Amino acid sequence: MNKKQNPETICVQAGWQPKKGEPRVLPIYQSTTFKYETSEQMAQLFDLEAEGYFYTRLQNPTNDFVAAKIAALEGGAGAMLTSSGQAATFYAIFNICNAGDHVVSASTIYGGTFNLFAVTMKKLGIEFTFVDQEAPAEDIRKVFRPNTKALFAESISNPGMNVLDIEKFANIAHSEGVPLIVDNTFPTPINCRPFDWGADIIIHSTTKYMDGHAISLGGAIVDGGKFDWNAHSDKYPGLTQPDESYHGLTYTESFGKTAYLTKAVVQLMRDLGSAQSPQNAFLLNVGLETLHLRMQRHCENAQKVAEYLESRPEIAWVNYPGLKSNKYYDRAKKYMPNGTCGVMTFGLKGGRDVSVKFMDSLQFIAIVTHVADARTCVLHPASHTHRQLSDDQLKAAGVPADLIRLSVGIENANDIIEDIEQALKQIL
Ligand SMILES: *Cc1c(COP(=O)(O)O)cnc(C)c1O
């Protein structure tokens, strides 16, 4: 891939590059398996001595062409697709952690990720410490232990909309000798490139903006290829010592810059099997072709909507990093100079009941448990995802009872504002 290409060109052109007489458009390799001429050829594949496809649970060409496009967008050494964002997060951590290990994570992360870390991975013997990402670096460093294997955070947190100080986090991780793993789902590589600021591994829920049409679940892991696993060999024996399940092959020796990624594919995907279907990868690729156009429009629309909301007397507060009043405004300008994303949160004066009335009064803006796609939608955690919590418990969880999450789509901004305006009139 030509490194000098701009993101817009990468969105359209990277990945599948047909040769003479091949289909112009990425084909769906709808095949679980691949044919070889001799037993010896197949044996070499199983020993990782030759490159090639043999079973779609491990690798499939359609998926790999799409992963290559995502790697190019992020500026990484390589990437893989997973069946969901959750699978990507799990693999990204589990690839370098065993029972008895420890991970430090920002506390303001996606609820599904928090549950995976605090409940499910804990059952596997992997312990997490959650930190306030705004705490001074010295304080965050204090929670690291000899068995800490990674630092994790979201570039823009869902739904808190906290913008991560990526350089600060990268410095903390590297001074503790561990990689920084960043979930870059919300800004996407169009608006933020965490590798440029020191991140080592990037993950995505491609279900959101990358697909962009709410049609296919998926995830991705991108390997920056720069973390020196051998420099911390005792911490990462899975990468730096022989893997008996591949006749004693050592990932860092055999695969260099993509040791981490290769291990995740040939070991975790082999054994756990959260592969993305080639159909979904094809749909994801169609989404990626317009990602640059859509992100721009999401940001333009969200900026107009956020400014409108801030001007209204019915609104108690608006949380959008593109607003000058936002505490992350300057940081967002540094890490995401072209804009953040289309998601924001806000509160209506009057709390829970007023929020419900407002949402029920919306016309084309839909109430859905989704975020970050072409259609504008809303969610009220106090009535939906967090409905079992009291007002005090909601506040403690960082989702006050009046919080409405609005995901601004790519419709006409005036129409979105008009729908909001007529709903605001209904709550009077
Ligand atoms: C949705 C989401 C996930 C989980 O992704 P799925 O594709 O739903 O499994 C992870 N991180 C963030 C920031 C998300 O918004």
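Draft legend 1. Molecular detail of the sheet that holds strand β4 (residues 148-154). Strand order in this open sheet of seven strands is β1-β7-β6-β5-β4-β2-β3, and the pairing throughout is mixed. Of all the strands in the sheet, the pair left with one neighbour each is β1 (78-82) and β3 (127-131). Across the sheet, the mean angle separating the axes of adjacent strands is 20 degrees when strand polarity is ignored.

Draft legend 2. Up close: the packing of aromatic side chains. Under the criterion given, the structure shown has 16 aromatic pairs. Seen in terms of ring centroids, Phe 117 and Phe 128 are 4.1 Å apart; in terms of plane orientation they differ by 10 degrees. Their pairing is stacked. One end of the pair, Phe 117, is in helix α5 (residues 111-123); the other, Phe 128, is in strand β3, with eleven residues separating them in the sequence. Phe 117 gets classed as buried once you look at its relative accessible area, which sits at 1%. Note on Phe 128: relative accessible area 10%, which makes it buried. Between the aromatic rings of Trp 197 and Tyr 335, the centroid separation amounts to 4.8 Å while the plane-to-plane angle is 75 degrees, which identifies the pairing as edge-to-face. Of the two residues, Trp 197 sits in the loop between α8 (188-191) and β6 (201-205) while Tyr 335 sits in helix α14 (residues 329-335), which places them 138 residues apart along the sequence. Connected via pairs of aromatic rings, a cluster forms that spans Phe 114, Phe 117, Phe 128, Phe 130 and Phe 152. Here the guanidinium or amino end of Lys 208 rests over the ring plane of Tyr 110, the centre of that ring lying 5.1 Å away.

Draft legend 3. Inspection of the side chain of Asn 184 at higher detail. Relative to the helices and strands, Asn 184 resides in the loop between β5 (180-183) and α8. Relative accessible area serves as the criterion here: at 0%, Asn 184 is assigned to the buried category. Side-chain polar atoms of Asn 184 contact the side chain of Ser 155, separated by 2.7 Å.

Draft legend 4. Looking closely at the sheet that holds strand β8 (residues 315-319). If you walk across this open sheet you meet the five strands as β8-β9-β12-β11-β10, and the pairing is mixed. Each edge of the open sheet is held by one strand with a lone partner, namely β8 and β10 (366-367). Pairing of β10 with strand β11 (residues 377-379) involves two bridges; the strand directions are parallel. Along β11, the bridge assignment pairs Ala 366 with Cys 377. Running at roughly 15 degrees to strand β9 (residues 343-348), helix α13 (residues 291-310) makes contact with β8, β9 and β12 (403-407) of the sheet.

Draft legend 5. Structural context of the side chain of Asp 419. Relative to the helices and strands, Asp 419 resides in helix α17 (residues 413-426). Summary of buried charges: Asp 419 has no salt-bridge partner, and the nearest side chain of opposite charge, Lys 425, is 11 Å away. Within the local environment of Asp 419, its side chain forms a polar contact with the side chain of Gln 422, the two groups lying 2.7 Å apart.

Draft legend 6. Spatial organisation of α5. The end-to-end C-alpha separation of α5 is 18 Å, in line with the 18 Å expected for 13 residues at 1.5 Å each. The principal kink in α5, of about 30 degrees, is found at Phe 117. By the burial criterion, the buried members of α5 are Thr 113, Leu 116, Phe 117 and Met 121. Elements that come into contact with the buried residues of α5 comprise α4 (85-94), β2 (102-106), β3 and β4.

Draft legend 7. Spotlight on the packing of α4 against helix α11 (residues 259-272). Contact geometry of α4 with α11 gives a least axis separation of 10 Å together with a crossing angle of 115 degrees. Crossing handedness for the pair α4 and α11: right-handed. Taking contact as the criterion, the partners of Phe 90, Tyr 91, Ala 92 and Phe 94 in α4 are, on α11, Tyr 260, Ala 264, Leu 268, Met 269 and Leu 272.

Draft legend 8. Up close: the confidence of the model for the protein chain. For the protein chain, per-residue confidence averages 95 on the pLDDT scale, and residues scoring 70 or more make up 99% of the total. At the level of individual helices and strands, the protein chain shows its lowest average pLDDT in helix α16 (residues 391-396), which scores 78, and its highest in β5, which scores 99.

Draft legend 9. Structural view of the packing of α13 against α17. For the pair α13 and α17, interaxial distance at closest approach is 9 Å and the crossing angle is 30 degrees. When the interaxial angle is binned, α13 and α17 end up roughly parallel. Here α13 runs over α17; the crossing is right-handed. Taken together, the residues of α17 that come into contact with α13 (itself represented by Asn 301, Lys 304, Val 305, Tyr 308 and Leu 309) are Ala 413, Ile 416, Ile 417, Ile 420, Glu 421 and Leu 424. Tallied by class, the residues present in the contact of α13 with α17 amount to eight nonpolar, one polar and two charged.

Draft legend 10. Local environment of the pairing of β6. With five of five residues buried, β6 is to be regarded as a mostly interior element. Neither face of β6 is left uncovered, since the one carrying Ile 201, Ile 203 and Ser 205 and the one carrying Ile 202 and His 204 both have all their residues buried. For β6 and strand β7 (residues 219-223), the ladder comprises five bridges, and the chain directions are antiparallel. Across the sheet, the residue bridging to Ile 202 is Val 222, located in β7.

Draft legend 11. Summary view of the site of the ligand. Taken together, 13 residues form the shell around the ligand, and within it Gly 85, Asp 183, Ser 205, Thr 207 and Lys 208 come nearest. Gln 86 is positioned such that a nitrogen or oxygen atom in its backbone is 2.9 Å from an oxygen atom of the ligand. Here Asp 183 contributes a side-chain N or O atom positioned 2.7 Å from a nitrogen atom of the ligand. A total of 380 Å² of accessible area belongs to the ligand in isolation, and the protein chains cover 93% of it. Considering only residue class, the shell around the ligand consists of two nonpolar, eight polar and three charged.

Draft legend 12. Geometry of the state of the cysteines. Summed over the entire model, instances satisfying the criterion amount to zero disulfides. Here Cys 192 stays free of any disulfide, with the sulfur of Cys 341 as its closest cysteine sulfur at 11 Å. For the unlinked cysteine Cys 299, the closest cysteine sulfur is that of Cys 341, found at 6.7 Å. A relative accessible area of 9% places Cys 299 in the buried class.

Cut-offs used in this document
- Residues numbered from 1 in each chain as written.
- Predicted model: local features only at pLDDT ≥ 70, side-chain atom pairs only at ≥ 80, totals over all residues.
- Heavy atoms only, no water.
- Pairing = 2+ DSSP bridges.
- Helix = DSSP H or I, 4+ residues; strand = E, 2+ residues; numbered from the N terminus.
- Axes fitted to C-alpha atoms, helices over the stretch in contact; angles between N-to-C directions.
- Phe/Tyr/Trp six-rings, centres within 6.5 Å; stacked < 30°, edge-to-face > 60°.
- Buried < 20%, exposed > 50% of the residue type's maximum accessible area, 1.4 Å probe, protein only.
- Lys NZ or Arg CZ within 6 Å of the ring centre and 35° of its normal.
- Polar contact = N/O pair within 3.5 Å; in protein donor to acceptor, adjacent residues only side chain to side chain.
- Contact = heavy atoms within 4.5 Å.
- Lys, Arg positive; Asp, Glu negative; His and termini not counted.
- Salt bridge = Lys/Arg side-chain N within 4 Å of Asp/Glu carboxyl O.
- Expected span 1.5 Å × (residues − 1).
- Bend = angle between axes of the 7 residues up to and from the residue.
- Left-handed = near helix turned anticlockwise from the far one by under 90°.
- pLDDT = per-residue confidence, 0-100.
- Parallel < 35°, antiparallel > 145°, perpendicular 65-115°, else oblique.
- Nonpolar A, V, L, I, M, F, W, Y, C, P; charged D, E, K, R; others polar.
- Near = heavy atom within 4 Å.
- Areas by Shrake-Rupley, 256 points an atom, 1.4 Å probe, with all protein chains shown as cover.
- Disulfide = S-S within 2.5 Å.

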